[in-house]
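# Commentary on secondary and tertiary structure
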Amino acid sequence: MAPKQKARNPELIPGVGKVSRSKMYHKRGLWAIKAKNGGKFPVHAKQEAAAVVEEKQPKFYPADDVKKPLSNKRKPKPTKLRASVTPGTVLIILTGRFKGKRVVFLKQLTSGLLLITGPYKVNGVPLRRVNQAYVIGTSTKVDISGVDVSKFDDKYFGKQVEKKKKGETEFFEAEKQEKNTLPAEKKDDQKAVDAPLLKALESVPDLKAYLGARFSLKAGLKPHELVF
Amino acid sequence: MTFKRYVEIGRVGLINYGKDYGKLVVIVDVIDQNRALVDSPDMVRSQINFKRLSLTDIKIDIKRVPKKKVLVAAMEAADVKGKWESSSWGRKLIVQKKRASLNDFDRFKLMLAKIKKAGVVRQELAKLKKEIPA
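Residues numbered from 1 in each chain as written. Chains lettered and ligands numbered in written order. Predicted model: local features only at pLDDT ≥ 70, side-chain atom pairs only at ≥ 80, totals over all residues. Heavy atoms only, no water.

For chain B, an unreviewed UniProt entry supplies the name Large ribosomal subunit protein eL14 domain-containing protein and the organism Salvia splendens. On record in UniProt, under Sequence similarities (unreviewed entry), the comment for chain B is "Belongs to the eukaryotic ribosomal protein eL14 family." (UniProt positions renumbered as here; feature names shortened; annotations may be inferred.)

By the naming in an unreviewed UniProt entry, chain A goes by Large ribosomal subunit protein uL6 N-terminal domain-containing protein and is assigned to Salvia splendens. One UniProt comment on chain A, placed under Sequence similarities (unreviewed entry), says "Belongs to the eukaryotic ribosomal protein eL6 family."

Here it is in structure tokens:
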């Protein structure tokens, strides 16, 4: 980096500069700019003021003054990931129907939730979202470079909203049966994500069996002393 | 029941309490009834209470309060590290440390290895049992 340029008018005491007004005028070279521009300081042409639209008075307004809430421009950020949780890490899920399962972490979604996959063939965990708080990050990492996860976001996992029909009960049952099966597209997505992962798993001995087994605390294990 | 490990200049001890827990140190001088001056290649020479010290079988040949360089050379010559790591006490500590540092995947692999070994042992036992006339 170039050495820091000296301040033109260093502050001796707060509010008192070293150089006087006239000397500063000379230092800034305003005389040269004026000379270049024929004795006058160059000025931007005045911008035309935008035409003022006449606002009509509203017909109805509340009798008392309504207080406006203070504006909040805060944009929430996705949760900060723990240092132990990086893409490709094996995670242990602690709650839910997959508790104890060891699973591969793919990426963090914009909502802050973690995108994980079993892989499905290995332990039955599909592409899923999981909260960082209910997860232990192990120090085992899987090579995730061959996997393309760009198409997955929170909307992909959101509940599909179907229009409710005020029909008879028979109608309802028929509809319910349709919804229970997974659309083929999601199955293909699962396969597409898992294929390169499975290859990466094969390269490390015992890793597949490791992911297929559930984690549990046995006698003598102390979680606060365990290295994960 | 006599004593075999004495507090003397050159006795190697293991610190069993405090900031330097687990370090092997050499007694370099005795200060009084309770304290000794100890030193080790990776620490500053300091005093320590005997209660914080566990004596080992290893002893090196040094004069009272040697210079650090002389101490390090004497430790190398007597191969304190080698003797310690081949002693059963030293080996136990190494195993303890290794076990504590195993990560989850390592523990899984260990479990598989244990099962495999038990299987092999059981097979051999079955063979031997077969040979015994019923």
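### A closer look at the UniProt feature "domain: Large ribosomal subunit protein uL6 N-terminal" (unreviewed entry) in chain A
With numbering aligned to this structure, UniProt lists the feature "domain: Large ribosomal subunit protein uL6 N-terminal" (unreviewed entry) at residues 4-47 of chain A. Each end of residues 4-47 of chain A is marked by a C-alpha atom, and these two atoms are 37 Å apart; helix forms 34% of the span and strand 11%. (Helix = DSSP H or I, 4+ residues; strand = E, 2+ residues; numbered from the N terminus.)

### Regarding the UniProt feature "domain: Large ribosomal subunit protein eL14" (unreviewed entry) in chain B
In the numbering used here, UniProt assigns the feature "domain: Large ribosomal subunit protein eL14" (unreviewed entry) to residues 45-117 of chain B. Taken end to end, residues 45-117 of chain B is 62% helix and 16% strand, and its first and last C-alpha atoms sit 47 Å apart.

### Some details on the packing of aromatic side chains
Under the definition given, this model contains six aromatic pairs over all chains. Clustering of aromatic rings is evident, with ring pairs tying together Phe152, Tyr156 and Phe157 of chain A. Residue placement shows Lys109 of chain B over the ring face of Phe105 of chain B; its charged tip is 4.4 Å from the ring centre. (Phe/Tyr/Trp six-rings, centres within 6.5 Å; stacked < 30°, edge-to-face > 60°. Lys NZ or Arg CZ within 6 Å of the ring centre and 35° of its normal.)

### Digging into the nonpolar core
What tends to happen in soluble globular proteins is that the nonpolar side chains get buried as a cluster. Of all hydrophobic cores here, the largest spans 24 residues; its most connected members are Leu106, Leu115, Val142 and Phe152 of chain A. Looking at this core, the elements that each hand over two or more residues are β4 (102-108), α4 (154-157), α6 (184-202) and α7 (207-212) of chain A together with α4 (104-131) of chain B. Sorting elements by how many residues they give to this core places α6 of chain A first, with five residues. Among residues more than four places away in sequence, those in contact with Val142 of chain A are Gly88, Val90, Val104, Leu197, Ala200, Leu201 and Leu207 of chain A. Counting residues in each nonpolar core, the second largest holds 15 residues, with Leu37, Ile58, Ile62 and Leu71 of chain B among its members. (Core = buried A, V, L, I, M, F, W, Y, C linked by side-chain atoms within 4.5 Å. Buried < 20%, exposed > 50% of the residue type's maximum accessible area, 1.4 Å probe, protein only. Contact = heavy atoms within 4.5 Å.)

### Some thoughts on the sheet that holds strand β2 (residues 24-30) of chain B
Backbone hydrogen bonds are what pair the strands of a sheet, in a parallel or an antiparallel way. Residues and elements named next belong to chain B. With antiparallel pairing, five strands are arranged side by side in an open sheet as β4-β3-β2-β1-β5. The open sheet terminates on both sides in strands that have one partner only, identified here as β4 (43-49) and β5 (53-59). For this sheet, the mean inter-axis angle between neighbouring strands, taken without regard to orientation, is 40 degrees. Alignment of strand β1 (residues 11-15) against β5, held across four bridges, turns out to be antiparallel. If you follow Leu14 over to β5, its bridge partner there is Ser54. Here helix α1 (residues 68-78) sits on the sheet in contact with β2, β3 (35-40) and β4, set at roughly 75 degrees to β3. (Pairing = 2+ DSSP bridges. Axes fitted to C-alpha atoms, helices over the stretch in contact; angles between N-to-C directions.)

### Let's talk about the interface of chain B and chain A
Counting from both sides, the interface comprises 10 residues of chain B and, opposite them, 16 residues of chain A. Buried area between chain B and chain A, both sides added, is near 980 Å², and the carbon and sulfur share of it is 61%. Broken down residue by residue, the surface that chain B buries against chain A is led by Asp104, Phe105 and Phe108 of chain B, which jointly contribute 56%. Among the ionic pairs, Arg102 of chain A bridges to Asp104 of chain B, the shortest N-O distance being 3.0 Å. Linking chain B with chain A are four residue pairs in polar contact (both at pLDDT 80 or more). Residues that form the side of chain B that touches chain A fall into these classes: five nonpolar, two polar and three charged. (Buried area = accessible area lost by both parts, 1.4 Å probe. Salt bridge = Lys/Arg side-chain N within 4 Å of Asp/Glu carboxyl O. Polar contact = N/O pair within 3.5 Å; in protein donor to acceptor, adjacent residues only side chain to side chain. Nonpolar A, V, L, I, M, F, W, Y, C, P; charged D, E, K, R; others polar.)

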